[in-house]
Amino acid sequence: MPTEHPIPPPVSPPVSPPVRDTSGFAEFYRQNFDAVLGFVTRRTDNVHLAADLTADIFLTALERADGYDARRGTPLAWLYGIARNVLASHFRGSARERQAVSRIAGHRLLDEQDAAAIESRIDADRAARQLAGHHAALSEPLRAVLDLVAVDGLTTREAAQALGIGTATARMRLHRARKALRNATPPSNPSLNALLEAAS
């Protein structure tokens, strides 16, 4: 009787780089959807807006897939850079986002299951959104680095890539952000302590 060899568990494939062909981009979308939705739901508590912004981020990524350069960083850091720009554009009320809103009528409405899944994600990320109040006094450049490192889990180098700045500049901004938060908030604040620990 032949000896049976156990089948090794499947190894998670590395994250695929973005490509413009439909099947390749579908795999990139599948691998990164949860990360991008989390990025969005940490910044908004509106279910439909979260769904629309997530779709806009991936649409922009598809349009820019040919410009991805692996020498400049990971696919996720590249995608977070796009996500930051899409959200910033939306919240500034830019013409591009107003056009996206005008297209909503043509979008498929979320069914109850989709809406419930996004609401669940929004609830899970509520604490992260509340932490934003603790660093509202920080300048935008300091907040941007702190958010990408402490909230979104990027390394300082990946955050620098997403922001289009040098790694040394990102480290300096992160240091200043932590120092400013420590000086502005009582040290016993558990939310602040968690944020600072994540940014260490």
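All values derive from a computational prediction rather than experimental measurement.

### Some thoughts on the pattern of salt bridges
Okay, so step 1: Taken as a whole, this structure holds five salt bridges when the rule is applied.
Okay, so step 2: Between Arg42 and Asp152 there is a salt bridge, with its nearest N and O atoms 2.5 Å apart. Residue Arg42 is found in the loop between α1 (22–41) and α2 (47–63), and its partner Asp152 is found in the loop between α7 (140–151) and α8 (156–163); the two are separated by 110 residues along the sequence. Per residue, the accessibility class of Arg42 equals that of Asp152, and both read buried.

### A short note on the environment of Val86
Okay, so step 1: Along the chain, Val86 turns up in helix α3 (residues 75–92).
Okay, so step 2: With a relative accessible area of 2%, Val86 lands in the buried category.
Okay, so step 3: When the C-alpha positions of Val86 and Asp56 are compared, they lie 7.2 Å apart, and in sequence the two are 30 residues distant.

### Brief notes about the packing of aromatic side chains
Okay, so step 1: Tallied over the entire structure, the rule returns seven aromatic pairs.
Okay, so step 2: Summarising the aromatic geometry, the rings of Phe25 and Phe28 are spaced 5.5 Å apart at their centres and angled 45° between planes, so their arrangement reads as tilted. Placement of the pair is Phe25 and Phe28 together in helix α1, with a separation of three residues, close to one helical turn. Assigned by exposure class, Phe25 and Phe28 land together as buried.
Okay, so step 3: Taken together, the ring pairs in this structure connect Phe25, Phe28, Tyr29, Phe33, Phe58, Tyr68 and Trp78 into an aromatic cluster.

### Quick notes on the confidence of the model for the chain
Okay, so step 1: When pLDDT is averaged along the chain, the result is 78; 70% of the residues meet or exceed 70.
Okay, so step 2: pLDDT under 50 marks residues 1–14. Its contacts with residues more than four places away, or in other chains, come to two contacts.

### Quick word on α2
Okay, so step 1: Between its terminal C-alpha atoms α2 stretches 25 Å, which fits the 24 Å expected from 17 residues at 1.5 Å a residue.
Okay, so step 2: Restricting attention to buried positions, one finds in α2 the residues Val47, Ala50, Ala51, Asp52, Leu53, Thr54, Asp56, Ile57, Phe58, Thr60 and Ala61.

### A few points about α8
Okay, so step 1: The element α8 is extensively covered by neighbouring structure, given that six of its eight residues are classed as buried.
Okay, so step 2: Positive backbone phi, approximately 75°, marks Gly164, located one or two places after α8.

### Here's the deal with the nonpolar core
Okay, so step 1: Formed by 38 residues in total, the largest nonpolar core has its most connected members in Ile57, Trp78, Leu79, Leu146 and Leu148.
Okay, so step 2: Apart from residues lying up to four places away in sequence, Ile57 is in contact with Val36, Val40, Leu79, Ile82, Ala83, Val86 and Leu87.

### What about the environment of Ala160?
Okay, so step 1: The residue Ala160 is located in helix α8 in this model.
Okay, so step 2: Sequence-wise, Ala160 and Ala144 are 16 residues apart; in three dimensions their C-alpha atoms are separated by 9.8 Å.
Okay, so step 3: The residues touching Ala160, leaving out its near neighbours within four places in the chain, are Ile165, Gly166, Thr167 and Ala170.

### Some remarks on the packing of α2 against α3
Okay, so step 1: At a minimum axis separation of 9 Å, α2 and α3 run at an interaxial angle of 125°. Judged by the inter-axis angle, α2 sits oblique to α3. Once α2 is placed against α3, the crossing between them reads as right-handed. Contacts from Leu49, Leu53, Asp56, Ile57, Phe58, Thr60 and Ala61 in α2 reach Trp78, Leu79, Ile82, Ala83, Val86, Leu87 and His90 in α3.
Okay, so step 2: Classifying every residue of the contact of α2 with α3 by side-chain character gives 11 nonpolar, two polar and one charged.

The rules behind the values
- Residues numbered from 1 in each chain as written.
- Predicted model: local features only at pLDDT ≥ 70, side-chain atom pairs only at ≥ 80, totals over all residues.
- Heavy atoms only, no water.
- Salt bridge = Lys/Arg side-chain N within 4 Å of Asp/Glu carboxyl O.
- Helix = DSSP H or I, 4+ residues; strand = E, 2+ residues; numbered from the N terminus.
- Buried < 20%, exposed > 50% of the residue type's maximum accessible area, 1.4 Å probe, protein only.
- Phe/Tyr/Trp six-rings, centres within 6.5 Å; stacked < 30°, edge-to-face > 60°.
- pLDDT = per-residue confidence, 0-100.
- Contact = heavy atoms within 4.5 Å.
- Expected span 1.5 Å × (residues − 1).
- Core = buried A, V, L, I, M, F, W, Y, C linked by side-chain atoms within 4.5 Å.
- Axes fitted to C-alpha atoms, helices over the stretch in contact; angles between N-to-C directions.
- Parallel < 35°, antiparallel > 145°, perpendicular 65-115°, else oblique.
- Left-handed = near helix turned anticlockwise from the far one by under 90°.
- Nonpolar A, V, L, I, M, F, W, Y, C, P; charged D, E, K, R; others polar.

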